[in-house]
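Here's the letter readout for the chains.
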Amino acid sequence: MDISEELAKIAMRNLEHNKSDLIGLKVKLDNYLNDKNAGLYLSHLYSGDINEDWFEAQCKSACNQIEKIVDSKSKFNEFYKNNLTENDLVLLTRELISDISLLNQISGGRFALDCQVSRDNYLSSHQFFLHAKFSYFTHKNIPETTCRSFNFSTMPTLIRQSIEVKLKNMIRLEKVEKIGGGFKFVPISSLLDFFANNTDLIEFPVCLNLLKAINEWTNSFVHTGVVPFCWQSLEAVDLIEDLFSIKDDASGSLSLHGFSYFKPNVTISDLQLALNNHFKAEFTLSEMRVEGCVIRS
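Residues numbered from 1 in each chain as written. Predicted model: local features only at pLDDT ≥ 70, side-chain atom pairs only at ≥ 80, totals over all residues. Heavy atoms only, no water.

Before going further, it helps to examine unusual backbone geometry. Residues other than glycine seldom take positive phi values, yet Ala-112 does so here, at roughly 50°. Structurally, the position occupied by Ala-112 is in the loop between helix 6 (86-106) and helix 7 (125-133). Taking relative accessible area as the criterion, Ala-112 reaches 53% and is therefore assigned exposed. (Helix = DSSP H or I, 4+ residues; strand = E, 2+ residues; numbered from the N terminus. Buried < 20%, exposed > 50% of the residue type's maximum accessible area, 1.4 Å probe, protein only.)

Moving on: the layout of surface pockets. In this structure, the largest pocket spans a volume of roughly 620 Å³. Around the largest pocket, the lining is made up of 20 residues, and of these Lys-68, Phe-76, Tyr-80, Leu-234 and Asp-238 lie nearest the centre. For the lining of the largest pocket, the secondary structure elements donating two or more residues are helix 4 (52-70), helix 5 (75-80), helix 6, helix 8 (150-153), helix 12 (230-240) and strand 2 (245-248). A total of 4 residues in the lining of the largest pocket trace back to one element, the largest contributor, which is helix 5. Split by residue class, the lining of the largest pocket holds 10 nonpolar, 3 polar and 7 charged. (1 Å grid on protein atoms, 1.4 Å probe; cavity = no way out; pocket = protein on both sides within 12 Å on 5 of 7 lines; lining within 4 Å. Points joined across faces, edges and corners; volume = space filled by probe spheres on them. Nonpolar A, V, L, I, M, F, W, Y, C, P; charged D, E, K, R; others polar.)

Turning our eyes to something else, we now look at the pattern of salt bridges. Applying the stated criterion across every chain yields a total of 10 salt bridges. For Lys-168, the salt bridge identified is with Glu-164, shortest N-O distance 3.1 Å. Here Lys-168 and its partner Glu-164 are both found in helix 9 (residues 155-170), 4 residues apart, which amounts to about one turn of the helix. For Lys-168, a relative accessible area of 29% puts it in the partly exposed group. Across the pair Lys-212 and Asp-193 runs a salt bridge, and its minimum N-O distance is 3.0 Å. A residue pair is termed long-range when its members are at least 10 positions apart, and Lys-212 in helix 11 (residues 208-224) and Asp-193 in helix 10 (residues 188-197) qualify at 19 residues. When salt bridges with common partners are traced through the structure, they connect Lys-26, Asp-30 and Glu-67 into a single cluster. (Salt bridge = Lys/Arg side-chain N within 4 Å of Asp/Glu carboxyl O.)

See the structure below:
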């Protein structure tokens, strides 16, 4: 017996062994899937209400991510097979295996796994601080204070920020003030609620209710540090990608940088007036704004 090889399997550093484990785990996950909830699983995926629909959504999403990796003909492998290193795939497979084990524990051992992987479901404040402190180092030797990958686990923070900045750029927002002067805070969740109730102003390329659910879910991570399942982050990236680019088989990816989402015959003045009236505030929207930059004539 090669001890180093066995240790690599135990520590989940062997990619092929990890893939084999995931194929076996997918069989267990498939047992809990029910097609009757197929159309609703995404909203349940980001719900804080832990029930049967939530559990099934986790199983389905985990299966989706496993399929990406183990199916050599998947779109994931088609797009990224030349960019991903073996270490990248080892990290991804290890995260999936560990989180499936965590889901098994949360659900009271439904999968009857032969081997349990124990892991924390949070990131410590110390970990955030160390990464901030050494962010300018090319090579960082930062001790992990939990058994999680920091970069992988903080994906919700980046997803949250991407939604906030994109929405502000979509409506060309410069600032919001109280009537009569002074800063007024309008959270992104309130703006999303506004557009969900006023569908005649902006054409969103993604489902607004789903965008609201993802935004709320990422906010919970930012405020608590409790790490979601890795497949939730991976699924969220797939779901909001249409805000940033269009993909097709022929051209690959087309950037939507600076793309206007205003509906026909809707002007900036129309939107500004609607926002002012709804929020009892003074919104300043720029005629020309591209990804965080205001272009002034």
